[in-house]
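Fold and geometry: a report
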Amino acid sequence: MLADDDEQVRRIEAIETLGNETLSVVPGPIRAHRDTDAARWIQGQMARFSDGVEHRQRRFAVEQLLATLPVVPLLNHTRDETEARLAELADGWADAAEPEAGDQAYGQWLDSGTMTLDAMPFFARRRPVMSLLQFLLPDIDDVEPLVDDVRALVHGVVPGAVATPASNASAERMLEHLGDGPDGIAAISVVFQTHDATAALIGQALVVDEPGCTARDRVNWAVLHGAPVTRTLRYATDAVDPGATPAPTVVPLDSVGPLPLTFGSGAHACPGRHLAALLAEAVIGPLVDRRWRPLPNGIVYEDRPNLSLPARLPGRLDLEGPPS
(Lines give C-alpha, C1' and ligand atoms only; values in the text may rest on other atoms or scores of the structure.)
Protein backbone atom coordinates (compact mmCIF):
# COMPACT_ATOMS: atom_id res chain seq x y z
CA MET A 1 0.00 0.00 0.00
CA LEU A 2 1.31 3.46 -0.84
CA ALA A 3 2.20 5.90 1.91
CA ASP A 4 -0.62 8.22 0.79
CA ASP A 5 -3.08 5.34 1.11
CA ASP A 6 -1.79 4.60 4.62
CA GLU A 7 -2.33 8.23 5.56
CA GLN A 8 -5.85 8.15 4.16
CA VAL A 9 -6.70 5.01 6.18
CA ARG A 10 -5.25 6.61 9.31
CA ARG A 11 -7.32 9.75 8.77
CA ILE A 12 -10.54 7.81 8.19
CA GLU A 13 -9.97 5.72 11.31
CA ALA A 14 -9.42 8.89 13.34
CA ILE A 15 -12.61 10.47 11.99
CA GLU A 16 -14.58 7.32 12.78
CA THR A 17 -13.24 7.26 16.33
CA LEU A 18 -14.02 10.94 16.87
CA GLY A 19 -17.54 10.33 15.61
CA ASN A 20 -18.13 7.33 17.89
CA GLU A 21 -20.53 8.65 20.54
CA THR A 22 -20.09 5.54 22.70
CA LEU A 23 -16.61 6.83 23.57
CA SER A 24 -16.05 9.50 26.21
CA VAL A 25 -13.64 12.45 26.23
CA VAL A 26 -12.81 11.86 29.92
CA PRO A 27 -12.04 8.59 31.76
CA GLY A 28 -14.75 9.34 34.31
CA PRO A 29 -16.81 12.15 35.84
CA ILE A 30 -14.78 15.09 37.11
CA ARG A 31 -15.86 15.51 40.73
CA ALA A 32 -14.72 18.64 42.52
CA HIS A 33 -16.28 21.04 44.98
CA ARG A 34 -16.74 24.63 43.92
CA ASP A 35 -15.39 26.03 47.20
CA THR A 36 -12.36 23.79 47.74
CA ASP A 37 -11.12 22.99 44.22
CA ALA A 38 -12.36 25.77 41.97
CA ALA A 39 -9.96 24.97 39.12
CA ARG A 40 -11.06 21.35 38.83
CA TRP A 41 -14.69 22.41 39.33
CA ILE A 42 -14.43 24.72 36.31
CA GLN A 43 -12.96 21.88 34.27
CA GLY A 44 -15.90 19.67 35.21
CA GLN A 45 -18.33 22.32 33.94
CA MET A 46 -16.70 22.82 30.54
CA ALA A 47 -18.04 21.36 27.29
CA ARG A 48 -14.52 20.25 26.37
CA PHE A 49 -14.60 17.75 29.25
CA SER A 50 -18.24 16.69 29.01
CA ASP A 51 -20.28 14.13 27.12
CA GLY A 52 -23.88 13.54 26.15
CA VAL A 53 -26.60 16.01 27.07
CA GLU A 54 -24.31 18.06 29.29
CA HIS A 55 -21.84 18.45 26.44
CA ARG A 56 -24.53 19.58 24.01
CA GLN A 57 -25.90 22.16 26.44
CA ARG A 58 -22.49 23.53 27.33
CA ARG A 59 -21.30 23.58 23.75
CA PHE A 60 -24.43 25.52 22.78
CA ALA A 61 -23.51 28.18 25.35
CA VAL A 62 -20.01 28.43 23.83
CA GLU A 63 -21.45 28.69 20.32
CA GLN A 64 -23.83 31.43 21.45
CA LEU A 65 -20.98 33.38 22.99
CA LEU A 66 -18.84 33.06 19.86
CA ALA A 67 -21.78 34.20 17.74
CA THR A 68 -22.12 37.41 19.75
CA LEU A 69 -18.45 38.42 19.72
CA PRO A 70 -17.81 41.45 17.48
CA VAL A 71 -15.31 39.61 15.33
CA VAL A 72 -14.14 42.43 13.03
CA PRO A 73 -13.45 44.91 15.88
CA LEU A 74 -11.79 42.10 17.85
CA LEU A 75 -9.45 41.24 14.99
CA ASN A 76 -8.68 44.89 14.20
CA HIS A 77 -7.89 45.48 17.87
CA THR A 78 -5.63 42.43 18.00
CA ARG A 79 -3.76 43.50 14.89
CA ASP A 80 -3.40 47.12 16.08
CA GLU A 81 -2.20 46.12 19.54
CA THR A 82 0.31 43.67 18.07
CA GLU A 83 1.73 46.34 15.80
CA ALA A 84 1.79 48.83 18.68
CA ARG A 85 3.87 46.42 20.79
CA LEU A 86 6.26 45.85 17.88
CA ALA A 87 6.60 49.62 17.41
CA GLU A 88 7.26 49.98 21.14
CA LEU A 89 9.95 47.33 20.94
CA ALA A 90 11.51 49.01 17.92
CA ASP A 91 11.62 52.37 19.71
CA GLY A 92 13.18 50.83 22.81
CA TRP A 93 15.81 48.87 20.95
CA ALA A 94 16.70 51.81 18.75
CA ASP A 95 17.70 53.77 21.87
CA ALA A 96 19.65 51.14 23.77
CA ALA A 97 21.85 48.14 23.07
CA GLU A 98 20.60 46.29 26.15
CA PRO A 99 17.00 45.14 26.59
CA GLU A 100 14.87 46.58 29.33
CA ALA A 101 13.66 44.23 32.06
CA GLY A 102 10.12 42.91 31.77
CA ASP A 103 7.92 41.66 29.00
CA GLN A 104 9.86 43.46 26.26
CA ALA A 105 13.08 41.52 26.81
CA TYR A 106 12.42 38.89 24.15
CA GLY A 107 15.60 39.02 22.11
CA GLN A 108 18.82 40.85 21.37
CA TRP A 109 20.08 43.63 19.20
CA LEU A 110 21.61 42.62 15.89
CA ASP A 111 22.86 44.94 13.19
CA SER A 112 21.25 48.29 12.48
CA GLY A 113 17.51 48.05 12.15
CA THR A 114 17.07 44.39 13.14
CA MET A 115 16.67 42.33 16.29
CA THR A 116 15.92 38.80 17.33
CA LEU A 117 12.50 38.35 18.85
CA ASP A 118 11.04 35.35 20.64
CA ALA A 119 7.46 35.37 19.40
CA MET A 120 6.08 32.99 22.03
CA PRO A 121 6.05 34.76 25.44
CA PHE A 122 3.85 37.68 24.46
CA PHE A 123 2.64 37.47 20.88
CA ALA A 124 1.58 33.81 20.71
CA ARG A 125 0.85 33.16 24.39
CA ARG A 126 -0.70 36.35 25.71
CA ARG A 127 -1.99 38.54 22.89
CA PRO A 128 -4.94 36.34 21.75
CA VAL A 129 -6.12 35.70 25.32
CA MET A 130 -5.67 39.36 26.22
CA SER A 131 -7.76 40.49 23.24
CA LEU A 132 -10.58 38.11 24.10
CA LEU A 133 -10.61 39.20 27.74
CA GLN A 134 -10.64 42.87 26.74
CA PHE A 135 -13.81 42.26 24.72
CA LEU A 136 -15.40 39.91 27.25
CA LEU A 137 -14.67 42.32 30.12
CA PRO A 138 -14.78 45.82 28.61
CA ASP A 139 -15.12 47.50 32.04
CA ILE A 140 -11.75 46.21 33.28
CA ASP A 141 -8.86 48.53 32.50
CA ASP A 142 -6.07 45.98 32.93
CA VAL A 143 -6.70 42.33 32.02
CA GLU A 144 -3.01 41.33 32.29
CA PRO A 145 -3.48 39.68 35.73
CA LEU A 146 -6.39 37.64 34.34
CA VAL A 147 -4.18 36.38 31.51
CA ASP A 148 -1.91 34.99 34.22
CA ASP A 149 -4.97 33.43 35.86
CA VAL A 150 -5.92 31.72 32.59
CA ARG A 151 -2.41 30.28 32.40
CA ALA A 152 -2.66 29.04 35.99
CA LEU A 153 -6.02 27.40 35.27
CA VAL A 154 -4.73 25.67 32.13
CA HIS A 155 -1.72 24.27 33.95
CA GLY A 156 -3.74 23.48 37.06
CA VAL A 157 -6.00 20.92 35.39
CA VAL A 158 -3.50 18.96 33.28
CA PRO A 159 -3.33 15.25 34.13
CA GLY A 160 -1.41 14.74 37.33
CA ALA A 161 -1.75 18.33 38.50
CA VAL A 162 -2.53 18.88 42.16
CA ALA A 163 -4.79 21.68 43.30
CA THR A 164 -2.86 24.47 45.02
CA PRO A 165 -4.01 27.63 46.81
CA ALA A 166 -2.53 29.65 43.93
CA SER A 167 -4.35 27.73 41.16
CA ASN A 168 -7.63 27.89 43.05
CA ALA A 169 -7.18 31.61 43.71
CA SER A 170 -6.72 32.13 39.97
CA ALA A 171 -9.84 30.08 39.24
CA GLU A 172 -11.82 32.06 41.82
CA ARG A 173 -10.81 35.36 40.23
CA MET A 174 -11.93 34.12 36.82
CA LEU A 175 -15.27 33.04 38.25
CA GLU A 176 -15.62 36.40 39.99
CA HIS A 177 -15.05 38.35 36.77
CA LEU A 178 -16.71 36.08 34.19
CA GLY A 179 -19.34 34.31 36.33
CA ASP A 180 -20.00 30.72 37.34
CA GLY A 181 -23.21 30.24 35.36
CA PRO A 182 -23.40 28.73 31.86
CA ASP A 183 -22.40 31.98 30.15
CA GLY A 184 -19.44 32.52 32.48
CA ILE A 185 -18.19 28.97 32.05
CA ALA A 186 -18.54 29.38 28.27
CA ALA A 187 -16.36 32.50 28.40
CA ILE A 188 -13.77 30.75 30.56
CA SER A 189 -13.84 27.81 28.14
CA VAL A 190 -13.03 30.06 25.18
CA VAL A 191 -10.00 31.71 26.81
CA PHE A 192 -8.91 28.35 28.26
CA GLN A 193 -8.80 26.75 24.81
CA THR A 194 -7.17 29.83 23.30
CA HIS A 195 -4.24 29.87 25.72
CA ASP A 196 -2.33 26.82 24.47
CA ALA A 197 -4.08 25.66 21.30
CA THR A 198 -4.11 29.03 19.53
CA ALA A 199 -0.54 29.67 20.72
CA ALA A 200 0.45 26.36 19.09
CA LEU A 201 -1.31 27.40 15.88
CA ILE A 202 0.55 30.73 15.85
CA GLY A 203 3.84 29.00 16.62
CA GLN A 204 3.46 26.44 13.85
CA ALA A 205 2.45 29.15 11.40
CA LEU A 206 5.50 31.24 12.28
CA VAL A 207 7.98 28.42 11.64
CA VAL A 208 7.11 28.72 7.93
CA ASP A 209 10.00 30.39 6.14
CA GLU A 210 8.96 31.02 2.56
CA PRO A 211 9.53 34.34 0.76
CA GLY A 212 6.27 36.12 0.00
CA CYS A 213 4.25 33.91 2.34
CA THR A 214 1.40 35.95 3.82
CA ALA A 215 -0.03 35.61 7.31
CA ARG A 216 -3.03 33.75 5.91
CA ASP A 217 -0.77 31.44 3.92
CA ARG A 218 1.12 30.58 7.08
CA VAL A 219 -2.02 29.88 9.10
CA ASN A 220 -3.46 27.75 6.31
CA TRP A 221 -0.23 25.78 6.13
CA ALA A 222 -0.28 25.20 9.89
CA VAL A 223 -3.88 23.97 9.72
CA LEU A 224 -3.21 21.65 6.79
CA HIS A 225 0.30 20.44 7.62
CA GLY A 226 1.60 21.83 10.91
CA ALA A 227 -0.62 19.84 13.34
CA PRO A 228 -0.65 22.32 16.25
CA VAL A 229 -2.81 19.78 18.12
CA THR A 230 -1.28 16.39 17.45
CA ARG A 231 -3.65 14.03 19.22
CA THR A 232 -6.62 13.63 21.52
CA LEU A 233 -7.95 10.79 23.67
CA ARG A 234 -11.16 8.82 23.88
CA TYR A 235 -12.27 6.34 26.56
CA ALA A 236 -14.57 3.34 26.46
CA THR A 237 -17.59 3.86 28.69
CA ASP A 238 -18.36 0.15 29.16
CA ALA A 239 -15.30 -0.86 31.21
CA VAL A 240 -15.57 -4.32 32.75
CA ASP A 241 -14.35 -3.08 36.14
CA PRO A 242 -16.33 0.04 37.09
CA GLY A 243 -13.62 1.04 39.55
CA ALA A 244 -10.79 0.91 37.02
CA THR A 245 -9.64 3.79 34.85
CA PRO A 246 -10.20 2.75 31.23
CA ALA A 247 -7.20 2.76 28.94
CA PRO A 248 -7.40 5.63 26.46
CA THR A 249 -7.66 5.31 22.71
CA VAL A 250 -5.13 7.71 21.20
CA VAL A 251 -6.61 9.53 18.22
CA PRO A 252 -3.98 11.15 15.95
CA LEU A 253 -4.86 14.60 14.62
CA ASP A 254 -1.66 15.18 12.67
CA SER A 255 -2.71 13.64 9.36
CA VAL A 256 -2.13 15.86 6.35
CA GLY A 257 -4.19 16.29 3.23
CA PRO A 258 -7.58 17.61 2.17
CA LEU A 259 -9.31 16.64 5.45
CA PRO A 260 -7.13 18.10 8.22
CA LEU A 261 -8.04 17.17 11.78
CA THR A 262 -6.36 20.14 13.41
CA PHE A 263 -9.65 21.20 15.01
CA GLY A 264 -10.99 17.70 15.58
CA SER A 265 -14.12 16.17 14.11
CA GLY A 266 -17.53 14.99 15.21
CA ALA A 267 -19.52 16.34 18.14
CA HIS A 268 -16.38 17.67 19.87
CA ALA A 269 -14.93 19.50 16.86
CA CYS A 270 -13.63 22.87 18.03
CA PRO A 271 -16.50 25.41 17.88
CA GLY A 272 -13.98 28.25 17.82
CA ARG A 273 -11.88 26.98 14.93
CA HIS A 274 -12.66 29.90 12.60
CA LEU A 275 -12.03 32.50 15.30
CA ALA A 276 -8.77 30.80 16.29
CA ALA A 277 -7.48 30.95 12.72
CA LEU A 278 -8.49 34.60 12.37
CA LEU A 279 -6.89 35.57 15.69
CA ALA A 280 -3.70 33.78 14.67
CA GLU A 281 -3.67 35.69 11.38
CA ALA A 282 -4.26 38.99 13.21
CA VAL A 283 -1.23 38.37 15.44
CA ILE A 284 1.01 37.07 12.67
CA GLY A 285 0.18 39.83 10.16
CA PRO A 286 2.22 42.62 11.81
CA LEU A 287 5.16 40.25 12.30
CA VAL A 288 5.08 39.33 8.61
CA ASP A 289 4.81 43.04 7.71
CA ARG A 290 8.11 43.54 9.53
CA ARG A 291 9.63 40.69 7.52
CA TRP A 292 9.73 38.13 10.34
CA ARG A 293 11.92 35.10 9.64
CA PRO A 294 12.40 32.26 12.12
CA LEU A 295 15.86 31.21 13.27
CA PRO A 296 15.49 27.42 12.88
CA ASN A 297 18.36 26.46 15.17
CA GLY A 298 16.77 28.38 18.04
CA ILE A 299 13.31 26.80 17.98
CA VAL A 300 12.63 24.66 21.06
CA TYR A 301 9.38 22.76 21.58
CA GLU A 302 7.63 22.03 24.86
CA ASP A 303 7.44 18.38 25.87
CA ARG A 304 3.70 18.08 25.26
CA PRO A 305 2.24 14.80 23.93
CA ASN A 306 -0.78 16.50 22.38
CA LEU A 307 0.60 19.81 21.11
CA SER A 308 3.29 21.06 18.74
CA LEU A 309 3.88 24.09 20.95
CA PRO A 310 7.16 26.01 20.74
CA ALA A 311 8.60 27.02 24.08
CA ARG A 312 11.01 29.35 22.28
CA LEU A 313 10.56 30.69 18.77
CA PRO A 314 13.23 33.29 18.00
CA GLY A 315 13.16 35.07 14.70
CA ARG A 316 14.82 37.94 12.91
CA LEU A 317 12.66 41.05 12.77
CA ASP A 318 13.07 44.32 10.91
CA LEU A 319 12.51 47.33 13.14
CA GLU A 320 12.00 49.86 10.39
CA GLY A 321 8.28 49.21 10.30
CA PRO A 322 5.88 47.68 7.80
CA PRO A 323 6.22 48.72 4.17
CA SER A 324 4.00 51.64 3.18
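Right above here is the structure, for reference.
Residues numbered from 1 in each chain as written. Predicted model: local features only at pLDDT ≥ 70, side-chain atom pairs only at ≥ 80, totals over all residues. Heavy atoms only, no water.

**Quick word on the overall build of the chain**
Note the threshold: Secondary structure elements are defined from DSSP: runs of H or I of at least 4 residues count as helices, runs of E of at least 2 residues count as strands, and each element is numbered from the N terminus. Here the term buried applies to any residue with accessible area under 20% of the maximum for its type, exposed to any over 50%, and partly exposed to those in between, with areas from a 1.4 Å probe on protein chains only. When checking whether two residues touch, look at their non-hydrogen atoms; a contact exists if any pair is within 4.5 Å.
Each helix and strand counted, the chain has eleven helices and eight strands in total. Counting every position in the chain, which comprises 324 residues, the buried fraction comes to 46%. Residue pairs at least 24 apart in sequence account for 70% of intrachain contacts in the chain once pairs closer than 6 positions are excluded.

**Side note on the packing of aromatic side chains**
Here is the rule: Each Phe, Tyr or Trp ring, with Trp reduced to its six-membered ring, pairs with another whose centre is within 6.5 Å; inter-plane angles below 30 degrees give stacked pairs, above 60 give edge-to-face pairs, and intermediate values give tilted ones. Working rule: Lys NZ or Arg CZ, within 6 Å of ring centre, within 35 degrees of ring normal, means a charge sits over the ring.
This structure, assessed with the given rule, holds two aromatic pairs. Consider the rings of phenylalanine 49 and phenylalanine 192, whose centres lie 6.1 Å apart with planes at 85 degrees: the pair is edge-to-face. Here phenylalanine 49, found in the loop between helix H2 (38-45) and helix H3 (52-68), pairs with phenylalanine 192, found in helix H9 (residues 182-206); they are 143 residues apart in sequence, far enough to count as distant. We classify phenylalanine 49 as buried; its relative accessible area is 15%. In this structure phenylalanine 192 comes out as buried when scored by relative accessible area, which is 9%. Summarising the aromatic geometry, the rings of phenylalanine 122 and phenylalanine 123 are spaced 5.1 Å apart at their centres and angled 90 degrees between planes, so their arrangement reads as edge-to-face. For phenylalanine 122, a relative accessible area of 1% puts it in the buried group. Above the ring of phenylalanine 49, the side-chain terminus of arginine 48 is found at 4.9 Å from the ring centroid. Here the guanidinium or amino end of arginine 85 rests over the ring plane of phenylalanine 122, the centre of that ring lying 4.0 Å away.

**Some remarks on the packing of H9 against helix H10 (residues 215-226)**
Let me state the cut-off plainly: For every element, the axis is a line fit to its C-alpha atoms; helices are fit only across the contacting stretch, and the angle between N-to-C directions ranges from 0 to 180 degrees. The cut-offs work like this: below 35 degrees is roughly parallel, past 145 is roughly antiparallel, 65 to 115 is roughly perpendicular, and the gaps in between are oblique. Amino acids are sorted into nonpolar (Ala, Val, Leu, Ile, Met, Phe, Trp, Tyr, Cys and Pro), charged (Asp, Glu, Lys and Arg) and polar (every other residue, Gly among them).
H10 packs onto H9 with a crossing angle of 105 degrees between their chain directions and a minimal axis gap of 8 Å. For the element pair H9 / H10, the angle class is roughly perpendicular. For the pair H9 and H10, the contacting residues are Leu201, Gln204, Ala205 and Leu206 in the first and Arg218, Val219, Trp221, Ala222, Val223 and Gly226 in the second. Its residues assigned to classes, the contact of H9 with H10 comprises seven nonpolar, two polar and one charged.

**A look at the side chain of serine 131**
What counts is decided by this rule: By the criterion applied in these results, polar contacts are pairs of N or O atoms within 3.5 Å in which, for protein atoms, one can donate a hydrogen and the other can accept it, and in which residues neighboring in sequence qualify only through two side-chain atoms.
For serine 131, the location among the structural elements is in helix H6 (residues 127-136). Within polar-contact distance, the side chain of serine 131 engages the side chain of threonine 78 at 2.9 Å. Serine 131 has contacts with Leu74, His77 and Thr78, leaving out every residue within four places of it along the chain.

**Notes on the nonpolar core**
Stated formally: To qualify as a nonpolar core, a set must consist of buried Ala, Val, Leu, Ile, Met, Phe, Trp, Tyr and Cys residues joined through side-chain atoms within 4.5 Å.
In this structure, Leu117, Leu133 and Leu153 are the most contacted members of the largest nonpolar core, which totals 80 residues. With 13 residues, H9 is the largest single contributor of residues to this core. Here leucine 133 is in contact with Val143, Leu146, Val147, Val150, Leu178 and Val191, once residues within four sequence places are set aside.

**A look at the sheet that holds strand S4 (residues 248-252)**
Our working definition: Strand pairing is defined by DSSP finding a minimum of two bridges between the two strands.
As summarised here, the arrangement of the three strands in space is S1-S3-S4, forming an open sheet in which the pairing is antiparallel. The two strands at the open ends of the sheet, each matched to only one other strand, are strand S1 (23-24) and S4.

**With respect to the packing of H9 against helix H11 (residues 273-289)**
Stated precisely, the cut-off is as follows: Two helices that cross are described as forming a left-handed crossing if the nearer one is turned anticlockwise from the farther one by less than a right angle, and a right-handed crossing if clockwise.
Where H9 contacts H11, the axes come no closer than 9 Å and their chain directions differ by 45 degrees. Accordingly, the angle class assigned to the pair H9 and H11 is oblique. Crossing geometry of H9 relative to H11 is assigned as right-handed. Listed contacts from H11 to Thr198, Leu201, Ile202, Ala205 and Leu206 of H9 are Ala276, Ala277, Ala280, Val283, Ile284 and Leu287. Here the contact of H9 with H11 is built from residues that sort into ten nonpolar, one polar and no charged.

**What about helix H8 (residues 165-178)?**
The condition is simple: Multiplying 1.5 Å by the helix residue count minus one yields the expected span of that helix. This arc is taken over the directions from the axis of the helix to the C-beta atoms.
Compared with the 20 Å implied by 1.5 Å per residue over 14 residues, the 20 Å span of H8 between its first and last C-alpha is a close match. Restricting attention to buried positions, one finds in H8 the residues Ser167, Asn168, Ser170, Ala171, Met174, Leu175 and Leu178. The buried side chains of H8 occupy one side of the element, clustering within an arc of 155 degrees when seen end-on. Turned more than 90 degrees from where H8 packs its buried face, Pro165, Ala166 and Glu176 sit exposed. In the core, the buried residues of H8 are packed alongside H2, H6, helix H7 (144-156) and H9. Positioned one or two residues after H8, glycine 179 has a phi angle of 100 degrees, which is positive.

**Topic: H9**
With 25 residues, H9 should cover 36 Å at 1.5 Å per step; its first-to-last C-alpha distance of 35 Å lies within 8% of that length. Of all the 25 residues making up H9, 21 are buried; the element is thus mostly covered by neighbouring parts of the structure.

**Thoughts on the pairing of strand S8 (residues 314-318)**
Of all five residues that make up S8, four are buried, and the element is covered over most of its length. In terms of strand pairing, strand S2 (residues 114-118) meets S8 through five bridges, oriented antiparallel. Its bridge partner lying in S8, leucine 117 is registered against glycine 315. Pairing of strand S5 (residues 293-294) with S8 involves two bridges; the strand directions are antiparallel. Looking at the pairing, proline 294 lines up with glycine 315 of S8.

Everything listed here is a matter of geometry and, on its own, says nothing about what the molecule does.
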